[in-house]
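Results of the structural survey
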Amino acid sequence: MIAAQAIDTSDKAAFYRDLAKQLKALLEGEHDSIANAANTSALIFQMVPDLNWAGFYFLASDEELVLGPFQGKPACVRIAVGNGVCGTAVELGTSMLIKDVHDFPGHIACDAASRSELVVLLEDEEGVFGVLDLDSPTPGRFDSADQAGIEALAAIYVAASSFVD
């Protein structure tokens, strides 16, 4: 059993380096993608300040994302590619950092308290297969340091997990 250790959040780059070490240790030796997604979302939700949702959406087809493991309030189960922040990230093939979701056309409000959102792609050698999505009730909560840190955590998740059917 791995217990998350408190990390100083005053230096974001150092915070995410330490969080990456904890995530690697947490996922070490486990290759099940669902178990790893569950633990990844739990660790992020526990350790990253000021979140109200952290979780995964996986491509069920070329046109649709489906909800995976998460922490927070119940969420939208299916999101069409091209819709909302998650679907737009997949359509554009890039991470999305949204300072205020009220300014994002077509934002899907699963939790009305969410005000900012960070979505990073999950990619392997075959391409994008999902996203890691973080929401915060604070406008402007996420910045480029958060994006880089969460992208690194997503890469650790992808490397640790097996996506063989």
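Scroll up for the structure.
Since this is a predicted model, take the numbers as computed values, not measurements.

What counts as what
Residues numbered from 1 in each chain as written. Predicted model: local features only at pLDDT ≥ 70, side-chain atom pairs only at ≥ 80, totals over all residues. Heavy atoms only, no water. Helix = DSSP H or I, 4+ residues; strand = E, 2+ residues; numbered from the N terminus. Buried < 20%, exposed > 50% of the residue type's maximum accessible area, 1.4 Å probe, protein only. Contact = heavy atoms within 4.5 Å. Areas by Shrake-Rupley, 256 points an atom, 1.4 Å probe, with all protein chains shown as cover. Lys, Arg positive; Asp, Glu negative; His and termini not counted. Charge placed at Lys NZ, Arg CZ, Asp CG, Glu CD. Polar contact = N/O pair within 3.5 Å; in protein donor to acceptor, adjacent residues only side chain to side chain. Axes fitted to C-alpha atoms, helices over the stretch in contact; angles between N-to-C directions. Parallel < 35°, antiparallel > 145°, perpendicular 65-115°, else oblique. Left-handed = near helix turned anticlockwise from the far one by under 90°. Nonpolar A, V, L, I, M, F, W, Y, C, P; charged D, E, K, R; others polar.

Looking now at the overall build of the protein chain. When you go through the protein chain residue by residue, the secondary structure sums to 4 helices and 6 strands. Secondary structure elements of the protein chain occur, N-terminal to C-terminal, as α-α-β-β-β-α-β-β-β-α. Referenced to the eigenvectors of the C-alpha coordinate spread, the extents of the protein chain come out at roughly 40 × 40 × 25 Å. Counting only residues that meet the buried cut, the protein chain has 44% of its 165 residues in that class. Of the contacts formed within the protein chain by residues at least 6 apart in sequence, a portion of 51% connects residues at least 24 apart. Total accessible area on the protein chain is roughly 8000 Å²; 51% of this is exposed by carbon and sulfur atoms. Counting 9 positive and 25 negative side-chain charges, the protein chain places the averaged centre of each group 9 Å from the other.

Counting through the fold element by element, asparagine 52 comes out in the loop between helix 2 (33-47) and strand 1 (53-61). Side-chain polar atoms of asparagine 52 contact the side chain of serine 114, separated by 3.1 Å.

This paragraph deals with helix 3 (residues 84-92). Counting buried residues along helix 3, 7 of its 9 residues qualify, which places the element largely inside the surrounding structure. Where the residues of helix 3 are buried, they touch strand 1, strand 2 (64-72), strand 3 (78-80), strand 4 (96-98), strand 5 (116-124) and strand 6 (127-136). Positive backbone phi, approximately 70 degrees, marks glycine 93, located one or two places after helix 3.

Another aspect to go through is the packing of helix 1 (residues 12-27) against helix 2. The contact between helix 1 and helix 2 brings their axes to 10 Å, and the two run at 150 degrees. Taken together, the axes of helix 1 and helix 2 are roughly antiparallel relative to one another. Our pair here, helix 1 against helix 2, has a crossing hand that is right-handed. Residues Phe15, Leu19, Gln22, Leu23, Leu26 and Leu27 of helix 1 lie in contact with helix 2, whose contacting residues are Asn36, Asn39, Thr40, Leu43 and Met47. Of the residues belonging to the contact of helix 1 with helix 2, the class tally is 7 nonpolar, 4 polar and no charged.

A few words on the environment of threonine 138. Following the sequence through the fold, threonine 138 ends up in the loop between strand 6 and helix 4 (144-160). The class of threonine 138 is partly exposed, set by a relative accessible area of 31%. Ignoring any residue separated from it by four or fewer positions in sequence, one finds threonine 138 in contact with Asp50, Arg115 and Ser116.

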